[in-house]
Amino acid sequence: MKVLVIGAGNMGLTYAEGMAKSSFLNHRNLMIFDKSAEIITTLSKVDHFDVYDDIEECLPKADIVFLAVKPYHCDALFEEIKPLVNDQQIFVSLMAGITIDKIQQGLGVKKVVRSMPNLPAQVGKGVTSFTEAKEISRVELLMVRNLLDTTGASIHVETEKFIDASTGISGSGPAYVFYFMNSMMEAALKMGFSKNDSKVLVSQTFEGAVKLFNDSDLSPSTWMDRVASKGGTTRAALDSMDDNNIEELIKDAAYAAFDRAVELGKE
Ligand SMILES: NC(=O)c1ccc[n+]([C@@H]2O[C@H](COP(=O)([O-])OP(=O)(O)OC[C@H]3O[C@@H](n4cnc5c(N)ncnc54)[C@H](OP(=O)(O)O)[C@@H]3O)[C@@H](O)[C@H]2O)c1
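In what follows, the accompanying structure is described. The structure presented is a predicted model; accordingly, all values stated were derived computationally and were not measured.

## Describing the overall build of the protein chain
Consideration 1: Along the backbone of the protein chain there are twelve helices and eight strands.
Consideration 2: Taking all 267 residues of the protein chain together, the buried fraction comes to 37%.
Consideration 3: Counting contacts in the protein chain only where the partners sit at least 6 residues apart, residues at least 24 apart contribute 60% of the total.
Consideration 4: Per element, the accessible surface of the protein chain, about 15500 Å² overall, is 56% carbon and sulfur.
Consideration 5: If the 27 positive side-chain charges of the protein chain are averaged to one point and the 37 negative ones to another, these points end up 3 Å apart.

Printed below as a string of structure tokens:
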């Protein structure tokens, strides 16, 4: 099985690195293509995969093709590669908002998997949601899942609506976490901690809370009750958040991202 990644930017490179490091794919079967000569020169010095600057040389050899260009570049890409594709190839899109139907029409192919990755894929802690066209077989889907899992975990969803929905949760989600971290670090600085101490206090708190959560079957609200005692400091903070309707505001924010993902798909 030969895999080609088109677009060696943040995501394309992350997936290529993930696949190259995994035992699932021999790195000699991994190809990467980008239109930027500068990127090609840099990547050519790395021996993790075969780097191409000519799409005609690599695309016909590929069984699975990852599409990792920005959504607004997809029309130009489709036009460029349409004459080179065949209907046995599987196309895995990482592009936000681009529907399976648009990819099928744009490339004249049927076998398409649409996915929504997130940034922690860069450190092997990503989560990718994915769904597929009906022409993808179970075996093909399993193969694709194994490749996606090289950057972390994945969840299979039944319809594309859930791809847009997961944009609002996991795709954009790392930014919500950074938003919360930023607010806590600013509060720590205001209380007089140094920048470095603020960073340690906040990052360890996040890491520790996530580990507690992952190592147990308890819900976040049970954990909240475990930290907070009646009349105590944590209760004061949680009451302040409730008084300010923070929970509803966070849900609204996730829906804003979801709605925007749907809108982008229509543009
Ligand atoms: N970054 C994220 O956190 C994230 C999260 C979820 C989903 N995604 C999705 O992942 C996709 C890639 O995002 P990214 O952040 O990795 O973008 P990026 O860093 O801009 O990488 C895209 C790369 O593809 C190249 N490219 C553009 N058109 C091409 C073509 N026709 N043939 C070959 N290469 C081409 C670009 O070159 P130029 O720079 O010269 O144009 C660039 O090097 C997007 O569709 C995005 O929606 C990203």
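Read on for the rest.
## Some remarks on unusual backbone geometry
Consideration 1: For Asn245, which is not a glycine, the phi torsion comes out positive at approximately 60 degrees.
Consideration 2: For Asn245, the location among the structural elements is in the loop between α11 (233-243) and α12 (246-266).

## Considerations on the sheet that holds strand β1 (residues 3-6)
Consideration 1: Taken together, the eight strands give an open sheet; going across it, the order is β3-β2-β1-β4-β5-β6-β7-β8, and neighbouring strands pair in mixed fashion. Edge positions in the sheet fall to β3 (50-52) and β8 (152-156), since each of these pairs with one other strand and no more. Averaged over all pairs of adjacent strands, the angle between their axes in this sheet comes to 25 degrees, without regard to strand direction.
Consideration 2: As paired elements, strand β5 (residues 90-93) and strand β6 (residues 112-116) share three bridges and run parallel to each other. Counted as the bridge partner of Phe91 is Val112 from β6.
Consideration 3: Relative to the sheet, helix α7 (residues 160-171) contacts β6 and β7 (126-132), its axis offset from that of β6 by approximately 25 degrees.

## Re the site of the ligand
Consideration 1: Met11, Asp34, Val69, Leu94 and Ala96 are the nearest of the 22 residues found near the ligand.
Consideration 2: Between Val69 and the ligand, the recorded distance is 2.6 Å, taken from a backbone N or O atom to an oxygen atom.
Consideration 3: Between the ligand and Ala96, the relevant distance is 3.0 Å, taken from an oxygen atom to a main-chain nitrogen or oxygen of the residue.
Consideration 4: Here the ligand, which alone exposes 900 Å², has 81% of that area covered by the protein.
Consideration 5: Counting residues per element, the ones that place at least two in the shell around the ligand are α1 (10-21) and α4 (74-81).

## Considering the state of the cysteines
Throughout this description, disulfide means a covalent bond between two cysteine sulfur atoms.
Consideration 1: Scanning the entire structure with this criterion turns up zero disulfides.
Consideration 2: As a non-bridged cysteine, Cys58 has Cys74 as the owner of its nearest cysteine sulfur, 19 Å distant.

Rules and cut-offs
Residues numbered from 1 in each chain as written. Predicted model: local features only at pLDDT ≥ 70, side-chain atom pairs only at ≥ 80, totals over all residues. Heavy atoms only, no water. Helix = DSSP H or I, 4+ residues; strand = E, 2+ residues; numbered from the N terminus. Buried < 20%, exposed > 50% of the residue type's maximum accessible area, 1.4 Å probe, protein only. Contact = heavy atoms within 4.5 Å. Areas by Shrake-Rupley, 256 points an atom, 1.4 Å probe, with all protein chains shown as cover. Lys, Arg positive; Asp, Glu negative; His and termini not counted. Charge placed at Lys NZ, Arg CZ, Asp CG, Glu CD. Pairing = 2+ DSSP bridges. Axes fitted to C-alpha atoms, helices over the stretch in contact; angles between N-to-C directions. Near = heavy atom within 4 Å. Polar contact = N/O pair within 3.5 Å; in protein donor to acceptor, adjacent residues only side chain to side chain. Disulfide = S-S within 2.5 Å.

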